[in-house]
Amino acid sequence: MSSNELIKIFLSEDVGAPAYKVVRALAERGSASAIELSRHTGLAKSTMSALVAELKDASVIIEPEPSKDARASSRGRPAVQLSLNPQAGTSVGVLPGPDFIGIALVDAAHGIRDERSVEIKPNYSVDQGVEAVAELVQQAYAATGLQRETLLGVGLAMPGPFNHRTGVMLRSTLLPNWVDLDIGAHFAKRFDVPVIADNESNCAAIAEMTWGAALGQQDFLYAKFDEGVGGAVIVDGRVLRGALGAAGEIGHFMVDPDGPLCTCGSRGCLEAMMRWDAIVRPARALFGENITFPQIAGRAQEGDPGCVRLISDAAAAAGRALAGICAVLNPPLIVVGGRYVLAGEVFLRAMQESFDRHFHIRDQTDGGSVTPIVAGTFSNNRDSTLGAVGLVLREKPFTRSA
Ligand SMILES: [Zn+2]
């Protein structure tokens, strides 16, 4: 298996090599024509066709669906789509949750081949997590018939602010035993491949960009409204990380200086107004002690007036915050994830109305908003595990075993 040319090129240090550029461009896109690859890599079209032929011979790339028409009409410059050989390269994404671990196994042509998870006792250590992941990964390869030796890298979606320069999670209420550790090094002991980590919201944005509602978008704002509030900023197809990896943390955007106290010590942060707790507490007066956030979201969608009020007030705060953020960034699209989306249009419409009321550019379009807010494709935790795979396919590792 050491003769796997795809892995050799993908993991090469020679980042200026034409083959490296082509393999990385395909890893990021899933598929592309030779002309698109020329445009993206800056390689001449003649160089590209020779290189494509070479990489096909080496089983690094394939033509997934060769179209006779496309071939006949374009001598020498086939418009057919190319992709990396799905049998030769695979990636694993991992979400270490508070009491479960989820993984996804994806091939190099972006085919989602397996997704599975296992329960684990809360407050588990990194090494216990690594062992559980290793077990799941083994099961996934066995179930799909893919070769474990084709693994290109492991991506991790971390439930807390993550410093991508140091590879350390700064804090996390969900995984307290994982804070301040070189997590990549722990994984590298078990997986002799590059390990790349990022926070969950950045991963979710990458999943939406690779498979979901932001497919093909180079610029957008991602906002996750779940138990907490997070987000990501995508510029030119890249995650904007900022000095400490905290770019896109929209949860601590201040909406009301006199608002409720936030866990960060400030007042009126968006997260302080939208965290589940802030919604569930007042709902108990109406529905009893056992009401949960997903139930409130569901009842709002069914039209219960009290639940509509709670969700639409939160949505109004979100719209106000997003309008402030977009006054700086002016993205063409906002993609929204997290379980607030369970409330459907009650949430999305109230947020869009509030956004449009507070955003400084108005009435430029006939009826639609200048900044549409759309629900993401992935619900629950799939966005994080798939986005963690996207890290492997799109990003450079922060750590790597010898
Ligand atoms: Zn805060």
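Criteria and cut-off values
Residues numbered from 1 in each chain as written. Predicted model: local features only at pLDDT ≥ 70, side-chain atom pairs only at ≥ 80, totals over all residues. Heavy atoms only, no water. UniProt positions renumbered as here; feature names shortened; annotations may be inferred. Donors = N, O, S within 2.8 Å, 3.2 Å for Na, K, Ca; no water. Pairing = 2+ DSSP bridges. Helix = DSSP H or I, 4+ residues; strand = E, 2+ residues; numbered from the N terminus. Contact = heavy atoms within 4.5 Å. Axes fitted to C-alpha atoms, helices over the stretch in contact; angles between N-to-C directions. Salt bridge = Lys/Arg side-chain N within 4 Å of Asp/Glu carboxyl O. Buried < 20%, exposed > 50% of the residue type's maximum accessible area, 1.4 Å probe, protein only. Polar contact = N/O pair within 3.5 Å; in protein donor to acceptor, adjacent residues only side chain to side chain. Parallel < 35°, antiparallel > 145°, perpendicular 65-115°, else oblique. Left-handed = near helix turned anticlockwise from the far one by under 90°. Nonpolar A, V, L, I, M, F, W, Y, C, P; charged D, E, K, R; others polar. Domains from an automatic or database assignment. Buried area = accessible area lost by both parts, 1.4 Å probe.

Under an unreviewed UniProt entry, the name given to the protein chain is Transcriptional regulator, and the source organism is Pelagibacterium lentulum. Of the comments in the UniProt record for the protein chain, the one headed Sequence similarities (unreviewed entry) reads "Belongs to the ROK (NagC/XylR) family."

1. What to know about the coordination of the zinc ion
Coordination sphere of the zinc ion, protein contribution only: H252 (ND1), C262 (SG), C264 (SG) and C269 (SG), at 2.1 to 2.3 Å. All donors to the zinc ion come from one chain, and their sequence spacing reads H-x9-C-x1-C-x4-C.

2. Quick notes on the sheet that holds strand β15 (residues 373-375)
Through backbone hydrogen bonds, the strands of a sheet pair up, either in parallel or in antiparallel fashion. Within the open sheet, the 5 strands sit side by side as β13-β12-β11-β14-β15. Their pairing is mixed. What marks the edges here is a single partner per strand, and that holds for β13 (238-239) and β15. As paired strands, strand β11 (residues 220-225) and strand β14 (residues 334-337) are joined by 4 bridges and run parallel to one another. Residue K224 lies in a different strand from β14, and its bridge partner there is G337. Packed on one face of the sheet, helix α13 (residues 345-358) meets β11, β14 and β15 and runs near 165° to β15.

3. Here's the deal with the pattern of salt bridges
Counting across every chain of the model gives 18 salt bridges. Between K189 and D127 there is a salt bridge, with its nearest N and O atoms 4.0 Å apart. With K189 in helix α7 (residues 183-190) and D127 in helix α6 (residues 126-144), the pair connects residues that are 62 residues apart, well separated along the chain. A salt bridge links R241 to E395; the shortest N-O distance between them is 3.2 Å. Placement of R241 in the loop between β13 and α9 (270-274) and of E395 in the segment after α14 (382-394) is noted, with a sequence separation of 154 residues between them. The residues R241 and E395 share a single accessibility class, namely buried. Beyond isolated ion pairs, a larger network of salt bridges with shared partners links E28, R238 and R394.

4. Structural notes on the environment of T90
As for its position among the elements, T90 is in strand β4 (residues 90-96). When the C-alpha positions of T90 and R148 are compared, they lie 8.2 Å apart, and in sequence the two are 58 residues distant. Those residues in contact with T90, other than ones at most four positions away along the chain, are L105, V106, D107, Y141, L146, Q147, T150, L151, L152 and G153. A distance of 2.7 Å separates the side chain of T90 from the side chain of Y141, its partner in a polar contact.

5. Concerning the packing of α6 against α7
In a packed pair of helices, the relevant descriptors are the angle between the two axes and the axis-to-axis distance. Running from amino to carboxyl end, α6 crosses α7 at an angle of 40°, the nearest separation of the two axes being 10 Å. Taken together, α6 and α7 sit at an angle that is classed as oblique. Judged by the sense of rotation from one axis to the other, the crossing of α6 with α7 is right-handed. Facing V126, D127, V130, E131, V133 and A134 of α6, the residues of α7 in contact are H186, F187, K189 and R190. A per-class count over the contact of α6 with α7 returns 5 nonpolar, 1 polar and 4 charged.

6. Section: the domain arrangement of the protein chain
Entries for the protein chain in the domain assignment read domain 1 (5-84), domain 2 (90-205 + 382-394) and domain 3 (216-375). Taken over C-alpha atoms, the centre of domain 2 sits 27 Å from the centre of domain 3. Counting from both sides, the interface comprises 17 residues of domain 2 and, opposite them, 17 residues of domain 3. Roughly 1300 Å² is buried in total at the junction of domain 2 and domain 3, and carbon and sulfur atoms are behind 40% of that figure. Contact with domain 3 buries surface across domain 2, with S201, N202 and A205 losing the most and accounting together for 35% of the total. Linking domain 2 with domain 3 are 2 salt bridges. In this structure, the salt-bridge partner of D383 is K224, at a minimum N-O distance of 3.2 Å. Here domain 2 is connected to domain 3 by 5 residue pairs in polar contact (both at pLDDT 80 or more). Here the side of domain 2 that touches domain 3 takes 5 residues from helix α8 (residues 200-210), the largest share from any one element.

7. Quick word on the pairing of strand β3 (residues 81-84)
Across 2 bridges, the pairing between strand β1 (residues 32-33) and β3 is antiparallel. Across the sheet, A32 pairs through a bridge with L82, a residue of β3. As judged from the 2 bridges shared by strand β2 (residues 61-62) and β3, these two strands associate in the antiparallel manner. For I61, the partnering residue across the bridge sits in β3 and is L84.

8. A few points about the sheet that holds β3
Sheet architecture is open: 3 strands sit in the order β1-β3-β2, paired in antiparallel fashion. The sheet is open, and its two edges are formed by β1 and β2, each paired on a single side. Along the sheet face, helix α2 (residues 18-29) touches β1, β2 and β3 and points at about 95° away from the line of β3.

9. Re the side chain of R24
Take R24: it is sitting in helix α2. Beyond its immediate stretch of four places on either side in the chain, R24 contacts F10, V392, L393, E395 and K396.

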